[in-house]
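# Structural description and commentary
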Amino acid sequence: MIPSHLECSRDAAHRFSPERLATVCPDDGAPLLVRYPAYRMDRPPVAARAWTMWRYRELLPVGEDEQPISLGEGATPLVALARVAASLGLDEVYVKDEAQNPTGSFKSRGMAAAVTVAKRLGATALVAPSAGNAGGALAAYAARAGLPARIYVPRDTPAILIEEMRGYGAEVAFVEGLIDDAGRLAGEYARERGAFNVATFREPYRVEGKKTMGFELVEQLGGVPGTIVYPTGGGTGLVAMWKAFAELEKSGWIDARRPMLIAVQAEGCAPIVQAFDRGDEFAARVENGATKLWGLRVPGGIGDRLSLRALRESGGRAVAVSDEQAFGAMRDLHYDEGVDATEEGGATLAALRILRHQGVALPAPIVLFNTATSLKYSPRESEESTANAATKTHVDPARRERAR
Ligand SMILES: Cc1ncc(COP(=O)(O)O)c(C=O)c1O
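Structure report, in brief. Since the structure is predicted, the reported quantities are computational estimates derived from the model, not experimental observations.

### Side note on the pattern of salt bridges
Counted under the stated rule, the structure contains 25 salt bridges. Taking the shortest distance from any N to any O, the salt bridge between D156 and R297 comes out at 2.9 Å. Of this pair, D156 sits in the loop between β7 (149-154) and α5 (159-167) while R297 is found in the loop between α9 (271-278) and α10 (304-313), placing the two residues 141 residues apart along the sequence. The residue K243 makes a salt bridge to E208 at a minimum N-O spacing of 2.8 Å. Of this pair, K243 sits in helix α8 (residues 236-250) while E208 sits in helix α7 (residues 205-221), and the two are 35 residues apart along the sequence. Taken individually, K243 and E208 each receive the classification buried, so the pair is uniform in this respect. In the salt-bridge network here, residues are joined through shared partners; they are D180, D181, R184, R285 and E287.

Here it is as structure tokens:
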């Protein structure tokens, strides 16, 4: 449905037209949220539609007869993790496997929505900063839309991710620094060249695409999960799912119950964890943020306030894990469950283990998010993983036992 208006996330009285390309609130710089004229989405027509994220079109920014710019994104499986659950003494643990999206990550959902709207509203070129996966998704959806794309990435972004962006025809610009430095340059490029900037939270529609992760969970589980464990960089997914549950309640799909949200960050770059623990409303930028969990190397961003609010409203918390814990848990998801987890997906299992160890009560069912495929590592990481996996083959008696 075409939105009724865009609303400032800090002051709902600031409203803007959805008929023009929009970035952030011009009054206070806060992210804009998309609002619809009605929250009516009946189950039977949804159930009759193809299993892609566009089946929720009543609550997505497309016109009734409009064809979205799509590669079949969304509709990812919710996979039960029986061995993980048993090893932690839990009943129901699942992974929402976002690796199975086009371009191998959940970024395809947000980019499909953002590029669909940008194209409809007349954008002639697109630009964005990326830690890697968003760039691959933007490059693919820009190609699909027939629009040029330019992507700013930190210089040490894994080569395979750069090849992916270039393979879809995007121009890649390297930046000394982290994703927020890349964001500044993408913003300058947009201002100087007239390209539309689809950076996270700097345009309102990526959240709309990612919202469908929440819709799918409710369909797949027959209601909201008890706990969602989410690897958090800019916080788009957390904020988007929180919005999804509010919209599903307005549409009569669920009641007021909500899942507990757990944000997982890397110890070397954990602005949301620090702000959450201090009780702050905003997160301070982390200087020299360092982690090999590329998607979580986000030292700060304008989604901080919304992410922190969603965590607190959910009664949840924020957890930092070490890179080693994340890589180890990632390998366990591969080895014990056959899941193509990336390191950020591994971080969610590492966090679950920490919380169990601390005796924190987590409502069931628990859903971990595997946000991307492991097939896009830098060669060094792959070597490391291969070496460790090989070692494990020789030392894991439980697996040998099960194989008998
Ligand atoms: C694999 C992966 N996981 C998680 C994230 C964090 O995403 P969000 O902006 O939703 O917090 C990213 C972002 O780059 C990512 O690439």
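### Focus: the pairing of strand β8 (residues 171-175)
Here 5 bridges tie β7 to β8, and the two strands are oriented parallel to one another. Its bridge partner lying in β8, I151 is registered against V172. Regarding topology, α5 serves as the crossover connection from β7 to the parallel β8, and that connection is right-handed.

### Looking at the sheet that holds β7
Across the sheet, 4 strands lie side by side as β8-β7-β6-β9; this open sheet has parallel pairing. Two strands close off the open sheet at either side, each with one partner strand: β8 and β9 (196-197). Most of the contacts of α5 go to β8, to which it runs at about 145 degrees, and overall it touches β7 and β8. Across the sheet, helix α6 (residues 179-193) lies against β6 (126-129), β7, β8 and β9, angled at about 160 degrees from β6, the strand it touches most.

### Let's talk about the nonpolar core
If you look at the biggest cluster of nonpolar residues, it comprises 78 residues, and the most contacted ones within it are L126 and L138. In this structure L138 touches M111, V115, L126, V127, A128, A149, I151 and V198, once residues within four positions along its chain are discounted. Judged by nonpolar contacts, the second largest core, of 34 residues, contains V229, A347, I354 and L362.

### As for the side chain of E66
The topology assignment puts E66 in the loop between α1 (43-48) and β4 (78-80). Exposure remark for E66: the relative accessible area of 18% places this residue in the buried category. Reaching out from E66, the side chain makes a polar contact with the side chain of R120 at a distance of 2.7 Å.

### Some words on the site of the ligand
For the ligand, the set of nearby residues contains 17 residues, the closest of which are K107, Y230, G233, G235 and T371. The contact in question runs from an oxygen atom of the ligand to an N or O atom on the backbone of G234, over 3.3 Å. Interatomic distance of 2.9 Å between a backbone N/O atom of G237 and an oxygen atom of the ligand. With the chains in place, 97% of the 400 Å² that the ligand exposes on its own is no longer accessible. Only β10 (227-231) and α8 provide two or more residues apiece to the shell around the ligand. Here the residues of the shell around the ligand sort into 5 nonpolar, 9 polar and 3 charged.

### A word on the environment of E58
On the secondary structure map, E58 appears in the loop between α1 and β4. Setting aside residues no more than four positions away along its own chain, E58 makes contact with M1, Y36, R40, M41, V46 and R49. For E58, the side chain forms a polar contact with the side chain of R49, separated by 2.9 Å.

### Some points on the packing of aromatic side chains
Counting across every chain of the model gives 5 aromatic pairs. A centroid spacing of 6.2 Å and a plane angle of 90 degrees characterise the contact between Y36 and Y39, whose relative ring orientation is edge-to-face. Residue class for Y36 comes out buried when judged on its relative accessible area of 4%. Looking at Y39, the relative accessible area reads 16%, which means it is buried. Seen in terms of ring centroids, F106 and Y230 are 6.3 Å apart; in terms of plane orientation they differ by 55 degrees. Their pairing is tilted. Of this pair, F106 sits in the loop between β5 (93-97) and α3 (107-120) while Y230 is found in strand β10, placing the two residues 124 residues apart along the sequence.

Rules used throughout
- Residues numbered from 1 in each chain as written.
- Predicted model: local features only at pLDDT ≥ 70, side-chain atom pairs only at ≥ 80, totals over all residues.
- Heavy atoms only, no water.
- Salt bridge = Lys/Arg side-chain N within 4 Å of Asp/Glu carboxyl O.
- Helix = DSSP H or I, 4+ residues; strand = E, 2+ residues; numbered from the N terminus.
- Buried < 20%, exposed > 50% of the residue type's maximum accessible area, 1.4 Å probe, protein only.
- Pairing = 2+ DSSP bridges.
- Right-handed = clockwise from strand over helix to strand, strands pointing away.
- Contact = heavy atoms within 4.5 Å.
- Axes fitted to C-alpha atoms, helices over the stretch in contact; angles between N-to-C directions.
- Core = buried A, V, L, I, M, F, W, Y, C linked by side-chain atoms within 4.5 Å.
- Polar contact = N/O pair within 3.5 Å; in protein donor to acceptor, adjacent residues only side chain to side chain.
- Near = heavy atom within 4 Å.
- Areas by Shrake-Rupley, 256 points an atom, 1.4 Å probe, with all protein chains shown as cover.
- Nonpolar A, V, L, I, M, F, W, Y, C, P; charged D, E, K, R; others polar.
- Phe/Tyr/Trp six-rings, centres within 6.5 Å; stacked < 30°, edge-to-face > 60°.

By themselves, these are just geometric observations and shouldn't be taken as functional.
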